[in-house]
Amino acid sequence: MTVAFAANAAEVEVLHWWTSGGEAKAAGELKKMLEAKGDKWKDFAVAGGAGENAMTALKTRVVSGNPPAAAQIKGPAIQEWGDEGVLTSLDDVAKADGWDKVLPGVVINTMKYKGHYVAAPVNVHRVNWLWVNPELLKKVGAKAPTTWDAFFKTAEALQKAGIQPVAYGGQPWQDATVFETVLLGVGGVDFYKKTLVNLDQGALKSATMVKVLETYKKIKPLTDKNSAGREWNLATSMVINGKAAMQFMGDWAKGEFLAAGKVPGKDFLCVAAPGTANAYTFNIDSFAMFKLSNKDAEKGQKDLASVLVSPQFQEIFNLNKGSIPVRLGADMSKFDECGKQSAKDFAADSKSGTLVPSFAHGMAVHSATQGAIYDVVSQFWNDDNMTAKAAAEKLAVAAKTM
Ligand code: BGC
């Protein structure tokens, strides 16, 4: 028996949660580009929107001393993993590829742990969108709503016409996604920063928070009975197939519309959620890389990091994913109207200070705090006996979780 010792194809195990139609297409582009470098992609896909299941799987693997080469880890969680001492430095790739010059400052800070790059960014998703089926709105003579008043009026008209106004997936992360969007629209940017970023006790218990919670709960009667537990992409399908008129969701939803062959501006509309046109909740995907004993695997990690930030990958991946490139001054000519709008707003909101980190998508606070707030939001959504006032009090308590 001969032993193949010249294994020059590094195997790179990549943990991610991109399993829906649009997500899988985008992930497929990453795999292709990595393999073009002569490496082997080992897929570690864990289904479940927003990655809760993936993070559980990751913890198990790291605790047992067998981490994957790379894992989709975002925002402050990169620091949490850095504190565990398990991440590897990507400084040499970052230096060779000039990351400090091509990435926005807020992204650089997030990707670094104690001054060293330990993660590579993929994209910028905007969370505060409303996805609209224009044909259904036309049936009631309505345009895509830009205020909460218009939203609830439109929804009422749709309901009267026997059309399901809102497609909803009742899972904690989706509850939190819709909640943060309502909070931004009703409370505004400063209130968002005070509550979901700075965890200000007074603001969390304020009358404004009560109003936010009441507005959020007013959406529930506009959803269908089967929404509990529904995956986000199935809710998006309802809008795609004319089963529901609107969905609040980040622009990974656009990946689903596109994968279904739908055309933005014609078959579906992307509009900023009511009251949020001049604000932007960002959600940046990234891959952190783990320390490994196998030197071949290290080569694969570096190749992966380099591919992720390359202009070619940034374009093809984000065209499929629904997000926009994370590189400064990226060429947007091949992107559709939603992508162009997102890039324009990202730049404008960065300048005016109205760019805010998505709480629901792990950009704003420690994961434990996030989890505690998720619980309160979902309890409030599901328990029709809980008052908005009581929920606001609980939010303030949850915000102290660390
Ligand atoms: C991720 C997206 C993903 C979405 C749904 C978000 O937290 O940033 O990349 O498509 O969850 O799973």
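An account of the accompanying structure is given in this report. (Residues numbered from 1 in each chain as written. Predicted model: local features only at pLDDT ≥ 70, side-chain atom pairs only at ≥ 80, totals over all residues. Heavy atoms only, no water.)

## Remarks on the packing of aromatic side chains
Tallying each qualifying case throughout the model produces 20 aromatic pairs. Taking the centre distance of 5.1 Å and the plane angle of 90° together, the rings of Trp 99 and Tyr 117 count as edge-to-face. One end of the pair, Trp 99, is in helix α5 (residues 99-102); the other, Tyr 117, is in strand β5 (residues 116-117), and 18 residues separate them in sequence. When the centroid spacing of 6.5 Å and the interplanar angle of 50° are considered together, the rings of Trp 173 and Trp 252 count as tilted. Here the residue Trp 173 occupies a position in helix α9 (residues 172-197), and Trp 252 occupies one in helix α13 (residues 252-259), the gap between them amounting to 79 residues. On the basis of relative accessibility, which here comes to 3%, the residue Trp 173 falls in the buried class. Following the ring pairs from residue to residue traces out a cluster consisting of Trp 18, Phe 287, Phe 313 and Phe 317. It is Arg 126 that lies over the ring of Trp 129; its NZ or CZ is 5.0 Å from the centre. The ring of Phe 380 carries Lys 217 above its face, with NZ or CZ at 4.8 Å from the centroid. (Phe/Tyr/Trp six-rings, centres within 6.5 Å; stacked < 30°, edge-to-face > 60°. Helix = DSSP H or I, 4+ residues; strand = E, 2+ residues; numbered from the N terminus. Buried < 20%, exposed > 50% of the residue type's maximum accessible area, 1.4 Å probe, protein only. Lys NZ or Arg CZ within 6 Å of the ring centre and 35° of its normal.)

## Describing the sheet that holds strand β9 (residues 246-248)
A sheet is described by the order of its strands in space; here 3 strands give the open sequence β9-β8-β10, paired in antiparallel fashion. Taken across any chain shown, the strands that pair with only one partner, and hence form the sheet edges, are β9 and β10 (269-272). Between one strand and the next, the sheet's axes are offset by a mean angle of 25°, whatever the strand orientation. Pairing analysis gives 4 bridges linking strand β8 (residues 129-132) to β10, with the strands arranged antiparallel. Pairing of Trp 131 across the sheet is with Cys 270, part of β10. (Pairing = 2+ DSSP bridges. Axes fitted to C-alpha atoms, helices over the stretch in contact; angles between N-to-C directions.)

## Observations concerning the site of the ligand
The ligand sits among 14 residues. The nearest are Glu 23, Lys 74, Asp 285, Lys 321 and His 361. One nitrogen or oxygen atom from the side chain of Lys 321 is found 2.7 Å from an oxygen atom belonging to the ligand. Its residues assigned to classes, the shell around the ligand shows 5 nonpolar, 5 polar and 4 charged. (Near = heavy atom within 4 Å. Polar contact = N/O pair within 3.5 Å; in protein donor to acceptor, adjacent residues only side chain to side chain. Nonpolar A, V, L, I, M, F, W, Y, C, P; charged D, E, K, R; others polar.)

## Quick look at the sheet that holds strand β13 (residues 355-357)
The strands that make up a sheet are held in pairs by hydrogen bonds between backbone atoms, and each pair lies either parallel or antiparallel. The strand order across the open sheet built from 3 strands is β7-β11-β13, with neighbouring strands paired in mixed fashion. The open sheet has two free edges, formed respectively by β7 (125-126) and β13, since each of these has just one partner strand. As defined by bridge partners, strand β11 (residues 280-283) adjoins β13 across 3 bridges and the pair is classed as parallel. Bridge assignment links Thr 281 to a residue of β13, and that residue is Val 356. Along the sheet, α9 contacts β11 and β13; its crossing angle with β13, the most-contacted strand, is approximately 75°. (Contact = heavy atoms within 4.5 Å.)

## Describing the state of the cysteines
Disulfides are covalent bonds that link the sulfur atoms of two cysteine residues. If you walk through the whole model with that rule in mind, you get 1 disulfide. The residue that forms a disulfide with Cys 270 is Cys 338, at a sulfur-sulfur distance of 2.2 Å. Across the disulfide from Cys 270 to Cys 338, rotation about the S-S bond amounts to roughly -100°, and the bridge is consequently left-handed. Taken as a pair, Cys 270 in strand β10 and Cys 338 in helix α16 (residues 337-352) lie far apart in primary sequence, 68 residues in all. (Disulfide = S-S within 2.5 Å.)

## Quick notes on the nonpolar core
The biggest cluster of nonpolar side chains holds 76 residues, and the ones touching the most others in it are Phe 151, Phe 179, Met 209, Ile 219 and Phe 359. Each residue touching Phe 359, except ones within four places of it in the same chain, is listed here: Ala 176, Glu 180, Tyr 192, Leu 196, Ala 364, Val 365, Gln 370, Ile 373 and Tyr 374. In this structure, Ala 119, Ala 305, Met 332 and Met 363 belong to the second largest nonpolar core, which totals 61 residues. (Core = buried A, V, L, I, M, F, W, Y, C linked by side-chain atoms within 4.5 Å.)

## A short note on helix α2 (residues 52-63)
For the α-helix, the turn length of 3.6 residues means that residues three or four positions removed from each other point alike. The end-to-end C-alpha separation of α2 is 17 Å, in line with the 16 Å expected for 12 residues at 1.5 Å each. All of the buried residues in α2 are Ala 54, Met 55, Leu 58, Arg 61 and Val 62. Down the axis of α2, the sector holding all buried residues measures 125°, keeping them to one side. For α2, the exposed residues lying more than 90 degrees away from the buried face are Thr 56, Thr 60 and Val 63. Residues of α2 that are buried make contact with β1 (11-16), β2 (40-45), β3 (70-72) and α3 (76-83). (Expected span 1.5 Å × (residues − 1). Arc of directions from axis to C-beta.)

## A look at the pairing of β11
Neither face of β11 is open: one carries Tyr 280 and Phe 282, the other Thr 281 and Asn 283, and all of them are buried. Here β7 runs beside β11; their pairing, made up of 2 bridges, is antiparallel. Across the sheet, His 125 pairs through a bridge with Asn 283, a residue of β11.

## Some details on unusual backbone geometry
A positive phi angle is found at Ala 50, which is not glycine, with a value near 65°. Relative to the helices and strands, Ala 50 is located in the loop between β2 and α2. Look at Ala 50 and you get partly exposed, because its relative accessible area is 24%. Its identity as a non-glycine residue notwithstanding, Leu 199 has a phi of 50°, on the positive side. Residue position: Leu 199 is located in the loop between α9 and α10 (201-204).

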